[in-house]
Amino acid sequence: MAGWLLGLVLVVAGFIGTVSVLNSTLYSPGHQVEEYFHALRSGNGERALGLLNASVPEGSAAVLDGAPLQRGASAVQDVEIREPMAAGEDRVDVPVSYRIGDSDYTTSFPLEKTGSEWLFFPTWGFAPSALPTVDVSVGDMAESTVNGQRIATPEGRNTLPTFYPVELAAHYTSEYFAAPPRTLPVTSSNPADNALPLEPAPTAALVEAVDGQIREFLDGCAARAVFQPANCPFNYQTSQRLAGDIQWSIQRYPEVRIEPVDEGWALAPLAGSAQLDTQLQDLFTGAIEDVSETRDFEFDARLTVTNSSATVTPVIDF
């Protein structure tokens with residue numbers, strides 16, 4: 001009898017120990033959080049969304065699944081799921097500490113008891129919530145790239161629902177415009193900063209293309225053997241008689257500066273200088289004189305530019 005009682009006590013103790021272990025691991029609130037983080041790292045957006053029990057606001061779903069989600073979650077390092085803290089009847093908060101870049105963060109996930117299994121094992125689920133959103137803006141560009149995924153940006157912006165914690169990394173690159181990469185850590189369902197603005201600027205390729213067209217225009221003006229080339233920014237006026245060839249040459253080409261305006265991009269006023277070499281005859285003495293004069297000039301030009309084309313239209317106004 002004593003042996004039987006001892007065996008029964010050991011079985012009961014083992015059962016209680018097993019229940020305790022399972023309640024602190026497989027059936028713990030922290031296990032649900034661990035599963036959520038695993039889904040993020042795996043890029044399994046459907047699984048992560050189901051675990052988080054969250055609704056999805058309107059916007060682009062570009063970073064909610066697959067490689068973009070994996071990239072965002074891979075920036076979350078040194079994850080430590082801490083002990084749950086009571087937050088009311090059948091509710092707990094599970095704090096999670098982690099690092100993104102050079103900064104440390106802690107996010108608390110609210111969970112609530114949803115029932116039990118086999119009488120001894122309580123089940124937990126995330127309290128209902130909504131995913132946070134991030135507003136991506138990129139000037140007047142029609143697209144950008146976030147976590148390696150190209151997204152449309154109608155009128156230069158879009159809204160991205162996102163999981164948390166993740167890091168969103170955005171950039172814009174085209175032949176004529178580029179914006180340096182920017183990152184934004186998203187660490188809660190209600191982030192204090194939900195804006196990811198990109199600032200495209202002209203590339204060297206655009207400046208070179210515009211400069212080439214301006215030089216071609218001015219060289220064309222200089223090739224005309226007249227004192228006043230039509231629709232050109234420089235001229236020479238004299239009352240003396242021409243006694244030789246007229247030769248224009250551009251001494252200083254304008255510096256190209258492309259500046260943002262309300263609805264796109266514009267060229268700053270253009271300034272340069274041209275040199276005239278010729279011979280003139282004095283009407284009174286008949287003497288012939290070599291003439292070499294520099295004429296400073298300024299003019300404006302309209303710039304029409306897309307991602308892959310640029311057109312410069314000089315505007316000459318005397």
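Refer to the preceding data block for the structure.
A brief look at the structure comes next. Residue numbers here run from 1 along each chain, matching the order of that chain's written sequence. Predicted model: local features are reported for residues with pLDDT of at least 70 only, side-chain atom pairs are reported and counted for 80 or more only, and whole-chain, interface and lining totals are derived from all residues. Side-chain figures throughout are based on the complete set of non-hydrogen atoms in the structure, without hydrogens or water.

### Concerning the overall build of the protein
Okay, so step 1: When helices and strands are tallied, the protein shows 5 helices and 22 strands.
Okay, so step 2: Out of the 318 residues belonging to the protein, those deemed buried represent 38%.
Okay, so step 3: The contact criterion used is simple: two residues touch if any of their non-hydrogen atoms lie within 4.5 Å. Of all intrachain contacts in the protein linking residues separated by at least 6 positions in sequence, the fraction that spans at least 24 positions is 55%.
Okay, so step 4: Where accessible areas are quoted, they stem from the Shrake-Rupley method and a 1.4 Å probe; at the residue level, only the protein chains shown are allowed to cover. Total accessible area on the protein is roughly 17600 Å²; 50% of this is exposed by carbon and sulfur atoms. Secondary structure elements are defined from DSSP: runs of H or I of at least 4 residues count as helices, runs of E of at least 2 residues count as strands, and each element is numbered from the N terminus. Throughout, exposure labels follow a simple rule: accessible area from a 1.4 Å probe, protein chains only, divided by the maximum for the residue type, with under 20% read as buried, over 50% as exposed, and the rest as partly exposed.

### Quick notes on the state of the cysteines
Put plainly, two cysteines are in a disulfide when a covalent bond ties their sulfur atoms together.
Okay, so step 1: Cysteine sulfur pairs qualify as disulfides if the two atoms are within 2.5 Å. What the rule picks out here adds up to 1 disulfide.
Okay, so step 2: Cys221 shares a disulfide with Cys232; S-S distance 2.0 Å. Its S-S torsion of approximately -90 degrees makes the covalent link between Cys221 and Cys232 left-handed. Of this pair, Cys221 sits in helix α5 (residues 204-222) while Cys232 sits in the loop between α5 and β16 (241-242); the two residues are 11 residues apart in sequence, bridging distant segments of the chain. Here Cys221 and Cys232 have matching classes, each one buried.

### Things to note about the side chain of Thr203
Okay, so step 1: Examined against the element boundaries, Thr203 turns out to sit in the loop between β15 (201-202) and α5.
Okay, so step 2: Here Thr203 falls in the buried class, since its relative accessible area comes to 14%.
Okay, so step 3: Dropping the residues within four chain positions of it, Thr203 is found in contact with Ser174, Glu175, Tyr176, Phe177 and Ala178.

### Side note on helix α3 (residues 45-52)
Okay, so step 1: Taken as a whole, α3 has its buried residues at Gly45, Ala48, Leu51 and Leu52. Buried residues in α3, looked at end-on, bunch into an arc of 130 degrees, giving them a common side. α3 presents Glu46 and Gly50 as exposed residues on the side facing more than 90 degrees away from its buried surface.
Okay, so step 2: Once α3 ends, the next one or two residues include Asn53, with phi positive near 60 degrees. It is the directions from the helix axis to the C-beta atoms that the arc portrays.

### A short note on the sheet that holds strand β9 (residues 143-146)
Okay, so step 1: Pairs of strands are assigned from DSSP output, requiring at least two bridges between the strands. Spatial strand order, β10-β9-β12-β13-β15: 5 strands in an open sheet with antiparallel pairing. The open sheet terminates on both sides in strands that have one partner only, identified here as β10 (149-152) and β15.
Okay, so step 2: With 2 bridges connecting them, strand β13 (residues 177-186) and β15 associate as antiparallel partners. Residue Phe177 lies in a different strand from β15, and its bridge partner there is Pro202.

### Observations concerning the nonpolar core
Okay, so step 1: By nonpolar core we mean a set of buried residues, namely Ala, Val, Leu, Ile, Met, Phe, Trp, Tyr and Cys, connected to one another through side-chain atoms within 4.5 Å. By size, the foremost hydrophobic cluster in this structure holds 75 residues, and its most contacted members are Tyr36 and Phe109.
Okay, so step 2: The residues touching Phe109, leaving out its near neighbours within four places in the chain, are Val33, Tyr36, Phe37, Leu52, Val92, Asp93, Val94, Val96, Phe126, Tyr164 and Pro165.

### Here's the deal with the sheet that holds strand β14 (residues 195-197)
Strand pairing in a sheet relies on backbone hydrogen bonds. The paired strands run either parallel or antiparallel.
Okay, so step 1: A sheet is described by the order of its strands in space; here 3 strands give the open sequence β11-β8-β14, paired in mixed fashion. With partners counted over all chains shown, the strands left at the sheet margins are β11 (157-161) and β14, one partner each. Neighbouring strand axes in the sheet, compared pairwise and without regard to direction, differ in orientation by 20 degrees on average.
Okay, so step 2: With 3 bridges joining them, strand β8 (residues 133-137) and β14 adopt parallel strand pairing. Bridged to Asp135 within β14 is Ala195. Working convention: axes come from line fits to C-alpha atoms, limited for helices to the stretch in contact. Angles between N-to-C directions cover 0 to 180 degrees.

### Considering the pairing of β13
Okay, so step 1: Pairing of strand β12 (residues 166-173) with β13 involves 7 bridges; the strand directions are antiparallel. Paired with Thr173 across the strands is Ala178, a residue of β13.
Okay, so step 2: Where β12 folds back onto β13 in an antiparallel hairpin, the turn is made up of 3 residues.

### Side note on the pairing of strand β20 (residues 270-281)
When a strand is regular, its side chains alternate between the sheet's two faces.
Okay, so step 1: Pairing between β16 and β20: 2 bridges, direction antiparallel. Its bridge partner lying in β20, Leu242 is registered against Leu280.
Okay, so step 2: Here strand β17 (residues 247-252) runs beside β20; their pairing, made up of 5 bridges, is antiparallel. Each bridged residue has a counterpart across the sheet, and for Ser249 the counterpart in β20 is Gln275.
Okay, so step 3: Bridge count between β20 and strand β21 (residues 288-305): 12 bridges; the pairing is antiparallel.

### Examining the pattern of salt bridges
Okay, so step 1: A side-chain nitrogen of Lys or Arg and a carboxyl oxygen of Asp or Glu constitute a salt bridge if their distance falls within 4 Å. Counting across every chain of the model gives 8 salt bridges.
Okay, so step 2: Asp211 is paired through a salt bridge with Arg215; the nearest N and O atoms lie 2.8 Å apart. Note that Asp211 and Arg215 are positioned in helix α5 at a spacing of 4 residues, about one turn of the helix.

### Brief notes about the environment of Leu168
Okay, so step 1: With respect to the element layout, Leu168 can be found in strand β12.
Okay, so step 2: Considering only alpha carbons, one finds Leu168 and Val186, 18 residues apart in sequence, at a separation of 7.5 Å.

### Topic: the packing of aromatic side chains
Okay, so step 1: To pair, rings of Phe, Tyr and Trp, with the six-membered ring standing in for Trp, must have centres within 6.5 Å; the planes then decide the type, stacked if under 30 degrees apart, edge-to-face if over 60, and tilted in the middle. The final tally for this structure, using the stated rule, is 14 aromatic pairs.
Okay, so step 2: Relative to Tyr236, the ring of Phe227 has its centre 5.5 Å away and its plane inclined at 50 degrees; by these criteria the two rings are tilted. The same class applies to Phe227 and to Tyr236, which are both buried.
Okay, so step 3: Clustering of aromatic rings is evident, with ring pairs tying together Tyr36, Phe37, Phe109, Phe126, Phe163 and Tyr164.
Okay, so step 4: Positioned over the ring face of Tyr253 is Arg215, at 4.1 Å from the centre of the ring. Placement of a charge over a ring requires the Lys NZ or Arg CZ to be within 6 Å of the ring centre, with the centre-to-atom vector within 35 degrees of the ring normal.

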